[in-house]
Structures are given as structure tokens and as C-alpha cells.
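# Fold and geometry: a report
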Amino acid sequence: MRLILLGPPGAGKGTQAQRLVAKYGIVQLSTGDMLRAAVNAGTPIGREVADIMARGALCPDEIVVGIVEGRIQEPDARKGFILDGFPRTVPQAVALDRMLQRHGVSLDAVLELRVDEAALMRRIETRIAEMKARGEAVRDDDNAEALRRRLIAFREQTAPLIAYYQLQGVLRTVDGMAPIPDVTEAIDKVLSSGPKPAKSSKASTPSRAVPAPSAKPAAKGRRPANARPAAKAKPARKPKSKIGKKSARGAATRRKPAPARKTAAAKRKVKAGGRRR
């Protein structure tokens, strides 16, 4: 099983990671622990990130990605692992996905421990005070001011991972402010529920209602039983042309035969009749 624990500093990721390690027999890979080990060992990477960690800032992506890739190839991580504190940014998540693909594996779930920041600040301040009262050593970056800067960095850079993994369908969210046993139980429940389908732009679009069969248009060449026969279209009348009438009249006038000419005999009869009078 390959998991990611996602949440702001002080959300209880380390506590829940130990319980998951005991239950599933996998290893916890904390980038913070690996980086601190490098700092304590005085390695080149450790010297490079020592000042960055003391300020509560995030380490460069290439450094963290390189440390994680080397760690997951070790024999104890082949059965499965929990990534705590990595990835912190979307580019790191993209690099992690590509890296896992090269090794032929994928994530089973991303567990988000959702907490209230104001209550978280009070929790951290109480924890630091208790550690000092017991005489325990407190890390340089484990103080209220460093925590505030880390919370701001989480909101700006790490919070977008929630949407990134939600779109992939691997995000599981639990209430990180609940008592530790309740958080553990909630995590067991979401892990046993199985994977969720990845979200897509099509899935977010509301489905359109399917029209009833009677509302569908009739197929070509067929007529629905309840449809009325279409009325026959009357042939359009040709517009009467005034010019045509005039031309017809003119033609009729031109066609009238000319009056017959009087013959010479008829003329003589007329003259004769006049003389008799």
C-alpha cells in the first residue's frame, strides 16, 4: 500500500503514520526526518538545507524529489510506504507521479487531515510548553513563529494539492481535530471503502433529460400513428402582370382587320343616288 498523508504542520500526520505502519507493515517516509538526518550528518544536501529549515521555509523541489526517489527504491519500501510531508507543491506531485510511473507503481490513497488553524496554533504552543516542562529538547523550527510561517506556506503552496488529488479520485478527507483513536478509525474506514472514480469535466456537467419516445422526430419515410396528415400545398398563383395586360390589349388592337376599301362600283352607286335627289 502506497499512501500520502496531507495536512498542515501539527495536524497529527506523524502519529497516524506510526499506526498505519504497525497495521499494514509498511514504512514511513518523512521528508522532514530525511532532511534533518542529512543536516545532522553534515552531508552536502544537509548543509544546503540547514538554513532553509531553520527559517521554516520549504526546500527546493529538486532536492526533496531526489531524496524521496532514492529512498523508495530501498528494499524495506518495496512492500509499501507512507509519504509524510511530501509532496508539498503541485509540481512535486507531478514529479512524484512520473517517478512512480517509472517504477511501475501508483498511489492507493491520499489522506487529508483537515484541521482548524487557530486551534492548531494553540495545540502546538501547548505541546512545546509541555516538552520544555519535561526537559525535552525542542527543535529550532518547532516554535509558534515558525509554525505561522509554515501555515502560510501550506495555504499558498500545499493546499492546491487537495484539488489535484481530488481530480485523480484518490483523496480521502478525515477530521484531524478529533481524538486520535477517532481519527485512526476514520482513516481505516476510508481505506477499506475502496478507490473513488476520478472526477472529470464531463462528470461535473449536469445530465440532460432524455426526451420521451413520442417526442422524438419520426424517421424519414414514416409517420407517427398520432400525427395528422399534412395538408396538400396549393400551387402558388402567378402574379398578374399589368405589363402583360397592356401588351395583350395592344396585340388585340393590332390584330383588328383594317376596314375594307370601297370599290369603284360602290362609289358610282353613291353618286347616282345623290343625283336622283
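Residues numbered from 1 in each chain as written. Predicted model: local features only at pLDDT ≥ 70, side-chain atom pairs only at ≥ 80, totals over all residues. Heavy atoms only, no water.

Moving on, we come to the overall build of the protein chain. Each helix and strand counted, the protein chain has 11 helices and five strands in total. Of all 277 residues assigned to the protein chain, the portion counted as buried reaches 32%. A separation threshold of at least 6 residues defines the contact pool for the protein chain, and within that pool the share at least 24 residues apart is 74%. For the protein chain, the exposed surface amounts to about 19,100 Å²; the carbon and sulfur share of it is 54%. (Helix = DSSP H or I, 4+ residues; strand = E, 2+ residues; numbered from the N terminus. Buried < 20%, exposed > 50% of the residue type's maximum accessible area, 1.4 Å probe, protein only. Contact = heavy atoms within 4.5 Å. Areas by Shrake-Rupley, 256 points an atom, 1.4 Å probe, with all protein chains shown as cover.)

Attention now goes to the sheet that holds strand β2 (residues 27-30). In spatial order, the strands read β2-β3-β1-β4-β5; together these five strands make up an open sheet with parallel pairing. Of all strands in the sheet, those with a lone pairing partner are β2 and β5 (171-175), marking the two edges. Sheet twist, expressed as the mean angle between neighbouring strand axes with direction ignored, is 25°. Of the pairings in the sheet, the one linking β2 to strand β3 (residues 81-84) comprises four bridges and is parallel in character. Counterpart to S30 in the pairing with β3 is D84. (Pairing = 2+ DSSP bridges. Axes fitted to C-alpha atoms, helices over the stretch in contact; angles between N-to-C directions.)

A separate point is the side chain of R2. Secondary-structure assignment places R2 in strand β1 (residues 2-6). Although R2 is buried, it forms no salt bridge, and the closest oppositely charged side chain is D108 at an N-O distance of 4.3 Å. For R2, the side chain forms a polar contact with the main-chain oxygen of S106, separated by 2.7 Å. (Lys, Arg positive; Asp, Glu negative; His and termini not counted. Salt bridge = Lys/Arg side-chain N within 4 Å of Asp/Glu carboxyl O. Polar contact = N/O pair within 3.5 Å; in protein donor to acceptor, adjacent residues only side chain to side chain.)

A few words on the confidence of the model for the protein chain. Confidence along the protein chain averages 75 in pLDDT terms, with 69% of residues attaining 70 or more. Within the protein chain, helix α10 (residues 242-255) has the poorest average pLDDT of any element, 48, and β5 the best, 94. In the predicted structure, residues 200-221 sits below a pLDDT of 50 and forms two contacts with residues beyond four places in sequence or in another chain. Contacts from residues 241-248, a stretch scored under 50 in pLDDT, to residues over four places away or in other chains number zero contacts. (pLDDT = per-residue confidence, 0-100.)

By size, the foremost hydrophobic cluster in this structure holds 32 residues, and its most contacted members are V68, L83, L96, V110 and Y165. Sorting the residues of this core by element identifies β1, β2, α2 (31-41), α3 (44-54), α4 (61-72), β3, α5 (90-102) and α8 (160-168) as the ones contributing at least two each. If one sorts the elements of this core by residue count, α4 sits on top with six residues. Apart from the residues within four sequence positions on either side, V110 is in contact with I4, L6, Y165, V170, L171 and R172. Counting residues in each nonpolar core, the second largest holds 22 residues, with A17, L120, V183 and L191 among its members. (Core = buried A, V, L, I, M, F, W, Y, C linked by side-chain atoms within 4.5 Å.)

Moving on, we get to the packing of α5 against α8. Close contact between α5 and α8 brings their axes to 9 Å; oriented N to C, the two are set at 35°. The residues of α8 that touch α5, namely those facing V90, A93, V94, L96 and D97, are P160, L161, Y164, Y165 and Q168. Its residues placed into classes, the contact of α5 with α8 shows eight nonpolar, one polar and one charged. (Nonpolar A, V, L, I, M, F, W, Y, C, P; charged D, E, K, R; others polar.)

Tracing the chain through its elements places Q92 in helix α5. A distance of 2.6 Å separates a polar atom in the side chain of Q92 from the backbone nitrogen of R88. Not counting residues within four places of it along the chain, the set of residues in contact with Q92 comprises C59, D61, V64, F86 and P87.

The next subject is the environment of V65. Mapped onto the elements of the fold, V65 is located in helix α4. Put simply, V65 and T31 are 34 residues apart on the chain and 9.4 Å apart in space, counted from C-alpha to C-alpha. Excluding residues that lie within four positions of it along the chain, V65 makes contacts with F86, A95 and M99.

Let us now look at the pattern of salt bridges. Applying the stated rule across the entire model yields 11 salt bridges. In this structure, E136 and R134 form a salt bridge, with 2.8 Å as the shortest nitrogen-oxygen distance. For E136, a relative accessible area of 38% corresponds to the partly exposed category.

Turning next to helix α9 (residues 180-192). Taking 1.5 Å as the rise per residue, α9 with 13 residues should run 18 Å; its terminal C-alpha atoms sit 19 Å apart, in good agreement. All buried positions along α9 are accounted for by V183, T184, I187, V190 and L191. Buried residues of α9, viewed axially, fall in a sector of 130°; they line one side. Away from its buried face by more than 90 degrees, α9 exposes P181, E185, K189 and S192. Each element contacted by the buried residues of α9 is listed here: β1, α1 (13-24), β4 (109-114) and β5. (Expected span 1.5 Å × (residues − 1). Arc of directions from axis to C-beta.)

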